[in-house]
Structure formats: structure tokens, C-alpha cells
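# Observations on the model geometry
Letter by letter, the chains look like this.
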Amino acid sequence: MEKNLVLTGMMGAGKSTVGKILAKKLKRKFIDIDQIIEKKEKKSIKEIFDNKGEIYFRKIEKKITLDELKKSNLIIALGGGAFINDTIRREVKNTSISFWLDLGLKYLLPRLRNIKKRPLLNQENLEETIKKIYSDRKKFYNESSFRIKCNSTKIEVIVEKIIKLYADSRNKN
């Protein structure tokens, strides 16, 4: 049974993009937790936040994430806030090899500037909001198996780095 490969990090860091490429190269199934939530709820994440609130969303996110982590051989992109949850983080550590896609604020800002579908960003001062979210979350992201600095790195290089680290860590077990 192969361990899952889990991607975590800030919204806009490229978890879904990197995950899809990894899945192709490793011939694994790719799971995007946010997409599963939207499909099950038949609503966008923004609509879930607007209509039912963040607490409801986090409850659904936790259940779906834990269900997916019970499986093996997957490439999983977590939602940006999922890794903050103690239960999810513990389960990721037990079942998976995790990678924090760490994209600096200077690179995140342009990616997130005009996105309206991210509920936590619909605030007046986007830069301050992103800085605060990043600052609050980085101590959790730092508990990942590996940290990949993505700032000006080409996506192919990021993918190859993850594949090598994943293979090396599996060989040690």
C-alpha cells in the first residue's frame, strides 16, 4: 500500500496545478478536496461560506478530507485551511507524505488579487489579509514532511523535486 502524497499551502500556491501534473507523472488518481466539497454540496465554496458559514464548511472539509486520507496511492490537494485542523494534520502525518508549497506573499498577491471565489479574501485590504492568513498558518504548514519554496521556480522543477523527495522518503520506510 503506497502512502498518499498530500499538498498543502496557501490558496493560490498551485496545489491543484502541481497535483494534476504529479498524478499524471506518477500514474495516480488526483483528488482536490475543495472540488469534492463543491460537488457534494452542489455549491461553490464561496456560497457555502456565505450561506452556511465557515464553521459548517470546516466540518464538511474535515469529514471529506479524513475519508480521502483513508485511501492510498492518491495525490491529494488540501484546501488552504485544512492543515490547521489538528485531526487532519495528525491523519496526514500518519497516512501520507506531505509537501508544503510555500509561495511568498510577493508572488501570492498578484495571483489572488482579482479572485472573487475565495471567501476569506473578500475584504478591503487584500495584502494585509493575506499576510495575516499566511502568518497564522505557516506554523502548521511547517509540520509538513517537506517544504518546497515555489517563489520563482518553474512548475516542472517543483514537480520533479516533489517526485524525488517522495521516492526517497518511501525508500527509507
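Just so you know, these numbers come straight off a predicted model, no measurement behind them.

Even without being glycine, Lys27 reaches a positive phi, approximately 55°. You can see Lys27 is positioned in the loop between helix 1 (15-26) and strand 2 (29-32). Exposure remark for Lys27: the relative accessible area of 74% places this residue in the exposed category. Positioned with a positive phi, Lys42 is a non-glycine residue whose angle comes to about 55°. By the element assignment, Lys42 lies in the loop between helix 2 (33-41) and helix 3 (45-69).

As enumerated under the stated definition, the model contains 14 salt bridges in all. One salt bridge connects Glu61 with Arg58, and the closest N-O pair in it is separated by 2.9 Å. On the criterion of helical spacing, the pair formed by Glu61 and Arg58 is a turn pair, its members being three residues apart in helix 3. You can call Arg58 partly exposed: its relative accessible area is 22%. Between Asp168 and Lys164 there is a salt bridge; the shortest N-O distance is 2.9 Å. Placement of both Asp168 and Lys164 in helix 7 (residues 155-172) is noted, with a separation of four residues, approximately one turn of the helix. When salt bridges that share partners are traced, they join Asp86, Arg89, Lys93 and Glu143 into one network.

Across all of its chains, the model carries three aromatic pairs by this definition. Ring geometry for Phe49 and Phe57: centres 5.0 Å apart, planes at 40°, overall tilted. In this structure Phe57 comes out as buried when scored by relative accessible area, which is 3%. Consider the rings of Phe99 and Phe146, whose centres lie 5.2 Å apart with planes at 20°: the pair is stacked. With Phe99 in strand 4 (residues 96-102) and Phe146 in strand 5 (residues 146-149), this residue pair connects regions lying 47 residues apart in the sequence.

Quick look at the packing of helix 2 against helix 3 now. Two numbers describe how helix 2 lies on helix 3: the axes approach to 9 Å, and their chain directions differ by 115°. Once helix 2 is placed against helix 3, the crossing between them reads as right-handed. On the side of helix 2, the interface is formed by Ile33, Asp34, Ile36, Ile37, Glu38, Lys40 and Glu41, while helix 3 contributes Ile45, Ile48, Lys52, Tyr56, Phe57, Ile60, Glu61, Ile64, Thr65 and Glu68. For the contact of helix 2 with helix 3, a count of residues per class yields nine nonpolar, one polar and seven charged.

Reading the values: the criteria
- Each chain has its residues counted from 1, following the order in which its sequence is written.
- Local features in this predicted model are restricted to residues of pLDDT 70 or higher, and side-chain atom pairs are both shown and tallied only at a pLDDT of 80 or more, whereas totals for entire chains, interfaces and linings draw on every residue.
- Working from all heavy atoms in the structure, the side-chain values ignore hydrogens and water.
- Secondary structure elements follow DSSP: runs of H or I of four or more residues count as helices, runs of E of two or more count as strands, with numbering from the N terminus.
- Think of it in three bands: with a 1.4 Å probe and only protein chains considered, a residue is buried below 20% of the maximum accessible area for its type, exposed above 50%, and partly exposed in between.
- Put simply, a salt bridge is a Lys or Arg side-chain nitrogen that is within 4 Å of an Asp or Glu carboxyl oxygen.
- When the centres of two rings from Phe, Tyr and Trp lie within 6.5 Å, Trp using its six-membered ring, the rings pair. Their planes under 30 degrees apart give stacked, over 60 give edge-to-face, and anything left gives tilted.
- Comment: axis = line fitted to C-alpha atoms, over the contacting stretch for helices; angle = value between 0 and 180 degrees taken between N-to-C directions.
- Each crossing gets its hand from how the near helix is turned against the far one by less than a right angle, where anticlockwise is left-handed and clockwise is right-handed.
- We call two residues in contact when some of their heavy atoms are within 4.5 Å.
- Polarity classes work like this: nonpolar for Ala, Val, Leu, Ile, Met, Phe, Trp, Tyr, Cys and Pro, charged for Asp, Glu, Lys and Arg, and polar for all others, with Gly in that last group.

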